[in-house]
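Each chain, letter by letter, is given below.
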Amino acid sequence: MNRYLERFFDNWYCAKYRRWKKHQGKQERGNILVICRRPLGDTLLCTPFFRELKRNRPDVDIDVICSPQNYNLLEKSPYIHQFFLFDDRVKKHYYIVNLKRCWKLAIETLQSRHYREAYVPSTYMSSMIDGWLAYFSGAEHRTAFSETMNPSAHRQYGGHYDRLFTKILDVEEPRHDVVCNLDILRSCGMEVQQDDCEMWIAEEDRAVVEKLWRAEQIPEHTVKVLVNLSTSITSKDWPVENYIAVCQRLQVRYPVTWILIGAGARAAEYSKRFCQAIPAAHDFTNQTSIRQTMDIIERSDIYLGGDTGPMHMAAAAGLKGVAIYKTAKNCTDMVYNFPVRLYPWKAGIEILQPEKAIPGCEKNCEGKGAHCIKLNTVEQVYEAMDDVMQQWNGSTSDECRGAERAYDA
């Protein structure tokens, strides 16, 4: 849609909301709305925010707007009172269709919840949809990070996003998103006591995984290495053949059980190729929900894979391992510098990334398929994984050899 038409509709609906609100009269407000429509890994990194917000506001309800895809991740949170699912996917007219959706949800549902505060824990991913939801919710105090942190979004929004909030924050220096999210609470006078991420898994989820685990006959006395071959975009996928080469070398030295996870057609294709080369691998691709995948991760010992949601789950579960990033060390654009602001939080997972991007990808790798990420070599990943395997439970080389003999037997 033409940008000027977008501004017209934006201003028209905001004016319509002000006229509508004027006739509603003064109402007592106290509940809190959090708008968290972020990708899977980013959503997991918001879990400390929910916990600390509830600890500071124990007597009010905290409602969350999330995407349908990530509802399973947050559904069992003890800190969230009610969920509203917002799916922004449309075939055409993205801007006006979602503006109308925001208006409909707010007028029919959100307004009756009487929100006093609304928060958008998102640093470099500002979205007009989040701004509309916060504004139309009727919350008196609305807090978010400025659109100016993302120059591309700022050029598109022209200040309209920031004007929908009563308090706008900025990040003066690069920090992890967990820290930035908790800074929202600090800026509002709240106290933060703990910054660990959490995973909430129901007993029925654990029962499903237990059944799958037994069916696969996963051996108990081996190192269970979780291999995550696919990510959200192909440019973040390290080649499957490289994973195979690393794993084939490792299984010569160590008693390893390979556990494959993932979702989607691309993940299924990668897993099929991996299992053809390493038939002993146990493939759970497309067999589990998000929470069930979390349980599989908790049953594993080491993570090997790309920069994706399950990597952050592995970090939350305390796994060690190796994460392979496409972003080079000479990247200075914080919008795309994931190793700086989205690294495995408080975990012993080593990051591998290229020293320098391929010319033309200094801001962000836009190559189709594996591009800059291929600068991470098989030898580098093998050596990093070898170090992790040697350190596993403080094992010595003699213990490893003893485990090898037991495994062979």
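Above this text sits the structure in question.
Before going into details, it helps to say that this report is about the structure given with it.

Basis of the calculations
- Residues numbered from 1 in each chain as written.
- Predicted model: local features only at pLDDT ≥ 70, side-chain atom pairs only at ≥ 80, totals over all residues.
- Heavy atoms only, no water.
- Pairing = 2+ DSSP bridges.
- Helix = DSSP H or I, 4+ residues; strand = E, 2+ residues; numbered from the N terminus.
- Axes fitted to C-alpha atoms, helices over the stretch in contact; angles between N-to-C directions.
- Contact = heavy atoms within 4.5 Å.
- Buried < 20%, exposed > 50% of the residue type's maximum accessible area, 1.4 Å probe, protein only.
- Salt bridge = Lys/Arg side-chain N within 4 Å of Asp/Glu carboxyl O.

**What to know about the sheet that holds strand S6 (residues 167–169)**
In space, the six strands of this open sheet follow the order S3-S2-S1-S4-S5-S6, with parallel pairing throughout. Two strands lie at the open edges of the sheet, namely strand S3 (82–85) and S6, each paired on one side alone. Taking each pair of neighbouring strands and ignoring which way they run, the sheet shows an average axis angle of 15 degrees. Taken together, the three bridges between strand S5 (residues 141–145) and S6 define a ladder with parallel strand orientation. Paired with Thr143 across the strands is Lys167, a residue of S6. In the packing of helix H3 (residues 47–56) onto the sheet, contacts are made with strand S1 (31–36), strand S2 (62–66) and strand S4 (115–120), and the angle to S1 comes to roughly 175 degrees.

**Focus on the pairing of strand S7 (residues 223–228)**
The element S7 is extensively covered by neighbouring structure, given that six of its six residues are classed as buried. Residues Val223, Val225 and Val227 point to one face of S7 and Lys224, Leu226 and Asn228 to the other, with burial holding for every one of them. Across six bridges, S7 lies against strand S8 (residues 256–261) in parallel orientation. Residue pairing in the sheet places Val225 in a bridge with Trp258 of S8. Bridging between S7 and strand S10 (residues 302–306) involves four bridges; their strand directions are parallel.

**A closer look at the pattern of salt bridges**
Enumeration over the complete set of coordinates arrives at 35 salt bridges. With a shortest N-O distance of 2.7 Å, Arg37 and Asp130 are connected by a salt bridge. With Arg37 in the loop between S1 and helix H2 (40–44) and Asp130 in helix H6 (residues 128–136), this pair connects stretches of sequence that are 93 residues apart. Assigned by exposure class, Arg37 and Asp130 land together as buried. For the salt bridge of Arg253 with Asp386, the shortest nitrogen-to-oxygen distance reads 2.8 Å. Here Arg253, found in helix H10 (residues 240–253), pairs with Asp386, found in helix H15 (residues 378–391); they are 133 residues apart in sequence, far enough to count as distant. One network of salt bridges, in which partners are shared, links Arg206, Glu210, Arg214, Asp295, Glu298 and Arg299.

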